[in-house]
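# Descriptive structure summary
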Amino acid sequence: MRTDLVIIGGGPAGMAAALSAHEQGAGVLILERDRELGGILNQCIHNGFGLHTFGEELTGPEYADRYVKRVRQAQIPCLYNTIAVDVQGGNPCRITAMNRRQGLFEIEAGAVVLAMGCRERPRGAMNIPGCRPSGIFSAGTAQRLVNMEGRMPGREVVVLGSGDIGLIMARRMSLQGAKVKLVAEIMPYSGGLKRNIVQCLDDFGIPLRLGHTVSEIHGKNRVEAVTLVKVDEALKPIAGTEEYIACDTILLSCGLIPENELSESAGARMDSVTQGPVVNAALETTAEGIFACGNVLHVHDLVDNVSKEAEKAGAFAAAYVKERMAGERREWGQAVRPKLPDKTRSVLPEGRDAGKTLICIGCPVGCLITAQKNSDGSLSISGNTCKKGEEYARNEMTAPKRSVTSFMKVEGGGCRTVSVKTRGGIPKDKIWQCMEEIRTKTVKAPVKVGDVLIADVAGTGVDVTATSNAQEKGEV
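Worth saying up front: this structure is predicted, and the values here are computed from it rather than measured.

The rules behind these values
- Residues numbered from 1 in each chain as written.
- Predicted model: local features only at pLDDT ≥ 70, side-chain atom pairs only at ≥ 80, totals over all residues.
- Heavy atoms only, no water.
- Buried < 20%, exposed > 50% of the residue type's maximum accessible area, 1.4 Å probe, protein only.
- Helix = DSSP H or I, 4+ residues; strand = E, 2+ residues; numbered from the N terminus.
- Pairing = 2+ DSSP bridges.
- Axes fitted to C-alpha atoms, helices over the stretch in contact; angles between N-to-C directions.
- Parallel < 35°, antiparallel > 145°, perpendicular 65-115°, else oblique.
- Left-handed = near helix turned anticlockwise from the far one by under 90°.
- Contact = heavy atoms within 4.5 Å.
- Core = buried A, V, L, I, M, F, W, Y, C linked by side-chain atoms within 4.5 Å.

## Section: the pairing of strand 14 (residues 212-218)
Burial of strand 14 is extensive: five of the seven residues sit out of reach of the surface. One ladder, built from six bridges, connects strand 14 with strand 15 (residues 225-230); its direction is antiparallel. What sits directly across from glutamate 216, in strand 15, is threonine 227. Between strand 14 and strand 15, which pair antiparallel and follow one another directly, the connecting turn spans six residues, one of which, glycine 219, has a positive phi of 120°.

This is how it looks when you write it as structure tokens:
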């Protein structure tokens, strides 16, 4: 099998790179290990995606669906349920892959774009003492179980690590009826976005314990409790601060690692800081003809940045193939690291007054807004950097609203659940009524993105719409 360009990974990076290369006239083939495109976005049913790319706030499945439609319209071929087991650069590049239908096979390509994404740091990397009982999940695994399979990992939960996935899963478990005891973070600041602290923890009364970690897990067959301990400046446990917390489930949200086994086997030089391959200004690795983008290069905070970077990688890879076909040769050149997105620590100011000081949840920036009610009843608002911040502050001081995302069970479909969201914000005091309707109702396949599944949920005047597709059983 031969093609101009092979994209390994059909997530947001892979699809954006494929579309960009296709627009440059290159023949493209996407290898995807799952049964559908979209990658990790398919299980990220919460809002917060697409503000920069599409100018509106989307859920993960909605963001993925827009790219999937473009890939299909461009008729870019994809091999699903296909795993790349080896990649070698050169002229041509060689990719060894396997699937159930074709077995083990080889592809020759003018260039390769690595877009495999990242994976979660496992428990073994954290050296938590204790047995190995059931009830310990990475936050991402729990996210897939709940959001895509409709299965609850447990009912009394402790979250270790305050990364965005951990914060979001603390909210999701609460919405699905679990009791989240607390979120523990070993650092003196949160690893997640400030807006997620507000809408995932503050909104649901979930404590955030900074400077704390789990020193022991209790239970042999199933988790029974954890010992929580405070740490000093050197991140060492402080004797006498131990606290016994009963729970049946632990979710680990302790960082992401670029998925780079293929990069290393291809001989690409790795960067010890980003844990991804070293690339030049064209996003080309030191392995001949192999490019990298997205979370395989370095872990990004926003999927919009992933897509933007991947578009560049696809365009550069297509240009590289054209040069090769024209018989031109060029040196890789001096390695130039791509500019990484700024990492903003989510440090909440001391003495924050919830009645006057607000953290805007309108976008990932999380502006600190001061809102005060004047004697004449008007509001004085400062600190916002856009009109959306002012609107949020006014609503928060008068009639706070939140968008709700969740999933509904599907009858007669090829999947167990379909992700949903409210088409706009609903009053905060109506969230639980909204969730009760969503949990107790089922829908029949087929379902398409945008379909109204519940009209006027909880009497709010807001509809619940589908954010993913659910095909009839047996339909491809």
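## What to know about the sheet that holds strand 22 (residues 379-382)
Strand order in the open sheet made by the three strands is 20-21-22, with antiparallel pairing throughout. Two strands bound the open sheet, and with one partner strand each, they are strand 20 (357-359) and strand 22. Strand after strand, the sheet turns through a mean of 25° between neighbouring axes, direction not considered. In this sheet, strand 22 lies alongside strand 21 (residues 368-373) in antiparallel orientation, the contact comprising four bridges. Each residue of the ladder has a partner; that of threonine 370, found in strand 22, is serine 382.

## Re the packing of helix 4 (residues 164-175) against helix 5 (residues 194-201)
Axis separation between helix 4 and helix 5 bottoms out at 8 Å; the angle between their running directions is 15°. What the angle tells us is that helix 4 and helix 5 run roughly parallel. Considering how the two elements wind past one another, helix 4 and helix 5 form a crossing that is left-handed. Here helix 4 contributes Asp164, Leu167, Ile168, Ala170 and Arg171 to the contact with helix 5, which in turn contributes Asn196, Ile197, Gln199, Cys200 and Leu201.

## Let's talk about the nonpolar core
Counting 63 residues, the largest nonpolar core has Ile8, Leu31 and Ile95 as the members making the most contacts within it. For this core, the element with the highest residue contribution is helix 7 (residues 303-325), accounting for eight residues.

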